[in-house]
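Summary of structural features
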Amino acid sequence: MEKEKVILDEAAIRRALTRIAHEILERNKGIDHCILVGIKTRGAYLAQRLAERIHHIEGKTMPIGELDITLYRDDLTEKHEHPQVKETDVPDITGKKVILVDDVLYTGRTVRAAMDALIDRGRPQMIQLAVLVDRGHRELPIRPDYVGKNVPTSRTELVSVCLSEVDQGEDRVSITNR
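No experiment lies behind these values; they were computed from the predicted model shown.

**Some points on the sheet that holds strand β5 (residues 126-134)**
- Taken in spatial order, the five strands line up as β3-β2-β4-β5-β6 in an open sheet, and their pairing is parallel. The open sheet terminates on both sides in strands that have one partner only, identified here as β3 (64-67) and β6 (146-150). Adjacent strand axes in the sheet meet at a mean angle of 25° when their direction is disregarded.
- Relative to β5, strand β4 (residues 97-105) is paired through eight bridges, and the arrangement is parallel. Across the sheet, the residue bridging to Leu-105 is Asp-134, located in β5.
- Across the sheet, helix α1 (residues 10-28) is in contact with β2 (34-39), β4, β5 and β6; its angle to β6 comes to roughly 150°.
- Sheet strands touched by helix α2 (residues 42-58): β2, β3, β4 and β5. Its angle to β2, the strand with the most contacts, is close to 150°.

In structure tokens, the structure reads:
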């Protein structure tokens, strides 16, 4: 039987996102020329939440985009015979600081695909990475700039992020053994 261990509850996720919002503001000296871009699906919702926190702190609205990386994945043919491509909606990123947002950073391959997708849309001044959970086990030289929680895991463990917008109204991050 698989035992699920909750590592972040709703309050912990809220605190982590608030801290990341403050770190983004501090590092970039505000939000001028910055854009949040969430990797579909959960990264897009986390980007929206970060934008709301930044608006609450700064009183300014930050542009947000949603990025579908399906066709940029290096494992596309291994995962799905007929992949479903979702809509991508990213404002002009040329010359901007793009903060890429995702739920879990694992091997780094999703982030690499997202960077390829971004570069196809323009030439940003800089790309930063914000993740809710960094679980380690990188296969590519990718490091997040903002991390909600570092969670050392084994490769046999599965990290699941549930967000109220898509997962029956609850927020939590849990680990289970495969």
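**With respect to the sheet that holds strand β8 (residues 172-177)**
- The antiparallel open sheet is built from three strands, whose spatial order is β1-β8-β7. Two strands in the sheet have a free side with no partner beyond their single neighbour: β1 (5-8) and β7 (157-162). Mean inter-strand twist for the sheet, computed between neighbouring axes without regard to direction, equals 30°.
- In terms of strand pairing, β7 meets β8 through six bridges, oriented antiparallel. By the bridge assignment, Ser-160 is partnered in β8 with Ser-174.

Rules used throughout
- Residues numbered from 1 in each chain as written.
- Predicted model: local features only at pLDDT ≥ 70, side-chain atom pairs only at ≥ 80, totals over all residues.
- Heavy atoms only, no water.
- Pairing = 2+ DSSP bridges.
- Helix = DSSP H or I, 4+ residues; strand = E, 2+ residues; numbered from the N terminus.
- Axes fitted to C-alpha atoms, helices over the stretch in contact; angles between N-to-C directions.
- Contact = heavy atoms within 4.5 Å.

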